[in-house]
Amino acid sequence: MPDQTASLDISRAIRAIAGWLVAAALAVCSSAAIAQTPQPQTPQPKPPVEAAPQAVPGFWDPRRRPERPDLSRLTVIRFLTETDYPPFNFTGPDGNPAGFNVDLARAICDEIKVTCTIQMRRFETLVDALATNRGDAIIASMAVTPQLRTRVDFSDPYYRAPARFASRRDTVLPEVRPEYLEGKKVGVVGGTAHEAYLKAMFTDAEVHAYPNDDALRQALRRGEVDFIFGDAIALAFWINGTDSAECCAFSGGPFVESRFFGEGVGIAVRKGNDLLRQALNWALFRLWEKGRYTDLWLRYFSVSPF
């Protein structure tokens, strides 16, 4: 069906433009990240600095503690997840589901004290499987979009995929503003939200579109462009992996404007299943409050996308 396909395509695109966690800290990220209006006098870029150390963003506001729902009515949660989207979802050496989403689902069930099952399916089949009662919740890095909200309800976001600039290590900027990139060559994957953001906010930069992430990153390694702009989660793994040959690092902080980069990633439940949605929100907050979410984050992400 066209609407269903479009919704899933949008969600997949937001996740894969790669391809994390919503409240006070998110507001801090947003205010520091969104591009500022150029001033009449163009300031000079600050001297290059090393990329920021690992940090764990918090996306829950301690002042907005969710109320504990009646958990006695929950006896099992059948989670649905996708088959191959590492490090979020993949098949472990023992043949069982593994990854960040899988471990988070198990932690949620442990917090709620209910039996938890996890079934792996192709991403494009997940919403239909939920609608036909083959599962209770989807935890598969599914981006919250207006289109999907017509078919499912979502928990609070448990991570979001910000956008960031990367540059060669000898030209790292501690902060990136539109005036700093005037006349600079900036690479981006063509036809993406990242390209649209650059063209809207960094109008004096020389934008170069590439067909895919591999071509984009190679352009930075070879020095064809001064910066690249894309999904921070995917860039974090590339920067910390062998393919980058330690050439590059993040420049400036994250950009999280929802109009371009989405509302975040949530756990989907069937429309009207408020008990499960509230239970998930309560459990996610508790995991963050206890530090278990932070432990899980650090286990999977050695370079912070924030």
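For the structure itself, look to the data block above.
The text that follows walks through the structure, step by step, so that each part is easy to find. Just so it is clear, the model here is predicted, and its values are computed rather than measured. (Residues numbered from 1 in each chain as written. Predicted model: local features only at pLDDT ≥ 70, side-chain atom pairs only at ≥ 80, totals over all residues. Heavy atoms only, no water.)

## What about the state of the cysteines?
Move 1: Under the counting rule described, the total for this entry stands at one disulfide.
Move 2: The partner cysteine of Cys-247 in its disulfide is Cys-248, sulfur to sulfur 2.3 Å. Taking the torsion about the S-S bond as the criterion, the Cys-247 to Cys-248 disulfide, at about -100 degrees, is left-handed. Each member of the pair, Cys-247 as well as Cys-248, is classed as buried. (Disulfide = S-S within 2.5 Å. Buried < 20%, exposed > 50% of the residue type's maximum accessible area, 1.4 Å probe, protein only.)

## Observations regarding the pattern of salt bridges
Move 1: Overall, the coordinates contain 19 salt bridges when judged by the stated rule.
Move 2: Residue Glu-111 pairs with Lys-290 through a salt bridge whose shortest N-O separation is 2.8 Å. Residue Glu-111 is located in helix 3 (residues 100–112), and its partner Lys-290 is located in helix 10 (residues 274–290); the two are separated by 179 residues in the primary sequence.
Move 3: A relative accessible area of 6% means that Glu-111 is categorised as buried.
Move 4: Its relative accessible area of 46% is what places Lys-290 among the partly exposed residues.
Move 5: Residue Asp-153 is joined to Lys-271 by a salt bridge in which the shortest nitrogen-to-oxygen separation is 3.1 Å. (Salt bridge = Lys/Arg side-chain N within 4 Å of Asp/Glu carboxyl O. Helix = DSSP H or I, 4+ residues; strand = E, 2+ residues; numbered from the N terminus.)

## Comments concerning the sheet that holds strand 5 (residues 137–143)
Backbone-to-backbone hydrogen bonds join strands into a sheet, with any given pair of strands oriented parallel or antiparallel.
Move 1: If you walk across this open sheet you meet the five strands as 4-1-5-12-6, and the pairing is mixed. Each of the sheet's edge strands pairs with one partner strand only, and the pair in question is strand 4 (115–121) and strand 6 (152–154). Pairs of neighbouring strands in the sheet enclose a mean axial angle of 35 degrees, with direction left out of account.
Move 2: Sheet topology note: the strand 5/strand 12 (residues 265–270) ladder contains four bridges and is antiparallel. The partner of Ala-137 across the bridge, within strand 12, is Val-269.
Move 3: Packing of helix 10 onto the sheet brings it into contact with strand 1 (76–82), strand 5, strand 6 and strand 12, and relative to strand 12 it is tilted by some 150 degrees. (Pairing = 2+ DSSP bridges. Axes fitted to C-alpha atoms, helices over the stretch in contact; angles between N-to-C directions. Contact = heavy atoms within 4.5 Å.)

## A closer look at the packing of aromatic side chains
Move 1: Tallied over the entire structure, the rule returns 26 aromatic pairs.
Move 2: Ring geometry for Phe-88 and Phe-301: centres 5.8 Å apart, planes at 45 degrees, overall tilted. With a gap of 213 residues between them, Phe-88 in the loop between strand 1 and strand 2 (90–91) and Phe-301 in the segment after helix 11 (292–300) connect regions that are remote in the sequence.
Move 3: Owing to a relative accessible area of 1%, Phe-301 belongs among the buried residues under this scheme.
Move 4: With a centroid separation of 6.4 Å and 50 degrees between ring planes, the pair formed by Tyr-197 and Phe-202 is classed as tilted. This pair shows no difference in class: Tyr-197 is buried, exactly as Phe-202 is.
Move 5: A network of ring pairs unites the aromatic residues Tyr-85, Phe-88, Phe-100, Tyr-158, Tyr-159, Phe-237, Tyr-293, Trp-297, Tyr-300 and Phe-301 as a single cluster.
Move 6: Over the ring of Phe-250 we find Arg-164; its NZ or CZ atom is 4.0 Å from the centre of that ring. (Phe/Tyr/Trp six-rings, centres within 6.5 Å; stacked < 30°, edge-to-face > 60°. Lys NZ or Arg CZ within 6 Å of the ring centre and 35° of its normal.)

## Overview of helix 7 (residues 213–222)
Move 1: Taken together, the buried positions of helix 7 are Leu-216, Arg-217, Ala-219 and Leu-220. Here the buried residues of helix 7 occupy an arc of 150 degrees about the axis, which is enough to place them on one side. In this structure, helix 7 carries Asp-214 and Arg-222 as exposed residues pointing more than 90 degrees from its buried face.
Move 2: At the N-terminal end of helix 7, a side-chain oxygen is found 3.2 Å from the backbone nitrogen of Asp-214, two or three residues along, and the residue is Asn-212.
Move 3: Of the residues flanking the end of helix 7, it is Gly-223, one or two places downstream, whose phi is positive at about 80 degrees. (Arc of directions from axis to C-beta. Polar contact = N/O pair within 3.5 Å; in protein donor to acceptor, adjacent residues only side chain to side chain.)

These results come straight from atomic positions and should not be treated as a statement about function.
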